[in-house]
Amino acid sequence: MIDAALLPLQRRLLAPPGQWLAARGIRADQLTLAGCAVGLAAAGAAALGLFWLALLGLVLNRLADGLDGAVARVTGPTDRGAFLDIALDFVFYAAFPLGFVLADPAANALPGAVLICSFVLSGTSFLAFAVVAAKRGQTAEAYPMKGIYYLGGLTEGAETIAVFALFCMFPAAFPVLALVFAAACAVTGLSRYAAGWRAFGKG
């Protein structure tokens, strides 16, 4: 919901370190892969009950996710980079709550399953819309620098990361937080299906 407003600030803040990394031969794809590895490690930390370590991993994962774009804007974006960026984001989004499920299956298994299911609803509608929009040559005016068509919604990247941080800071509240956010993600997914229904009704 607020990604479009935050992205210009993020780009300004990360441009200098992105230029520094690019000048030293660091490639955007390397940062994307490293960020995913750190994110999966963060999920593992959550599974072990090391929630503050999971929070650190979450922050580093998001930092890498921003820096890969900053480097790509210096060296030139690629289709492979755009693919890896979105694909590995979804891997991380599914793995992180799974860590909390593994930490306390009795309390967290059902809310975690509902949350991941809601991510599938939201994510598939997002990606399906992007595929058809690309076929039609459409671009998202609010997200001109994204590698694919980015259809916003009630729950976007910023909201997801904020909730993940709350999971780490208040792990006992995971069931409630997960179910509330799952409901919001379901609203996002359904709104995207409705947008696709309207946008692609002809042709």
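Here the structure is shown first, and the text comes after it.
Here's what I pulled together on the structure shown here. Quantities reported herein were computed from a predicted structural model and do not represent experimental measurements.

A short note on the side chain of Arg62
Residue position: Arg62 is located in helix H3 (residues 51-75). Assessed through its relative accessible area of 18%, Arg62 is described here as buried. Only 3.0 Å separates the side chain of Arg62 from the side chain of Asp89, close enough to count as a polar contact. Not counting the four nearest positions on each side in its chain, Arg62 is found in contact with Asp89, Phe92, Tyr93 and Ile161.

Comments concerning the nonpolar core
Leu58, Phe96, Phe100, Phe164 and Phe167 are the most contacted members of the largest nonpolar core, which totals 24 residues. Sorting the residues of this core by element identifies helix H2 (28-47), H3, helix H4 (79-103), helix H5 (105-135), helix H6 (157-169) and helix H7 (174-199) as the ones contributing at least two each. Among the elements that line this core, the one with the most residues is H6, at six residues. If we skip the residues at most four places from it in the chain, Phe167 touches Phe100, Leu115, Phe174, Leu177 and Ala178. Counting nine residues, the second-largest nonpolar core is a separate cluster that includes Leu21, Ala22, Leu31 and Ala72.

Overview of the pattern of salt bridges
The final tally for this structure, using the stated rule, is three salt bridges. We note a salt bridge from Arg80 to Asp29, for which the minimum N-O separation is 2.8 Å. With Arg80 in helix H4 and Asp29 in helix H2, this pair connects stretches of sequence that are 51 residues apart. With relative accessibility at 57%, the residue Arg80 sits in the exposed group. Asp89 is the partner of Arg62 in a salt bridge, and the nearest nitrogen-oxygen pair spans 3.0 Å. Remark: Asp89 occurs in helix H4 and Arg62 occurs in helix H3; sequence separation between them is 27 residues. By relative accessible area, Asp89 is classed as buried at 11%.

Concerning H3
A rise of 1.5 Å per residue sets the reference length of H3, with its 25 residues, at 36 Å; its end C-alpha atoms lie 36 Å apart and thus fit the reference within 8%. Looking one or two residues past H3, Gly76 carries a phi angle of roughly 110 degrees, positive in sign.

Structural notes on a nonpolar patch on the surface
A cluster of nonpolar side chains, Val38, Leu48, Leu50, Leu53, Leu56, Leu60 and Leu63, forms an exposed patch at the surface whose accessible area comes to about 620 Å². A total of four residues in the nonpolar patch trace back to one element, the largest contributor, which is H3. Among the structural elements, Leu63 can be located in helix H3.

Let's talk about the packing of H3 against H4
The interhelical angle for the contact between H3 and H4, taken along N-to-C directions, is 175 degrees, at an axis separation of 12 Å. By the angle between their directions, the pair H3 and H4 is classed as roughly antiparallel. Of H4, the residues touching H3 (which contributes Phe51, Ala54, Leu58, Asn61, Arg62, Asp65 and Asp68) are Asp85, Asp89, Phe92, Tyr93, Phe96, Phe100 and Ala103. Residues belonging to the contact of H3 with H4 are distributed by class as follows: eight nonpolar, one polar and five charged.

About the cut-offs
- Residues numbered from 1 in each chain as written.
- Predicted model: local features only at pLDDT ≥ 70, side-chain atom pairs only at ≥ 80, totals over all residues.
- Heavy atoms only, no water.
- Helix = DSSP H or I, 4+ residues; strand = E, 2+ residues; numbered from the N terminus.
- Buried < 20%, exposed > 50% of the residue type's maximum accessible area, 1.4 Å probe, protein only.
- Polar contact = N/O pair within 3.5 Å; in protein donor to acceptor, adjacent residues only side chain to side chain.
- Contact = heavy atoms within 4.5 Å.
- Core = buried A, V, L, I, M, F, W, Y, C linked by side-chain atoms within 4.5 Å.
- Salt bridge = Lys/Arg side-chain N within 4 Å of Asp/Glu carboxyl O.
- Expected span 1.5 Å × (residues − 1).
- Patch = residues over 30% accessible without salt bridge, like charges linked within 9 Å, V, L, I, M, F, W, Y side chains within 5 Å.
- Areas by Shrake-Rupley, 256 points an atom, 1.4 Å probe, with all protein chains shown as cover.
- Axes fitted to C-alpha atoms, helices over the stretch in contact; angles between N-to-C directions.
- Parallel < 35°, antiparallel > 145°, perpendicular 65-115°, else oblique.
- Nonpolar A, V, L, I, M, F, W, Y, C, P; charged D, E, K, R; others polar.

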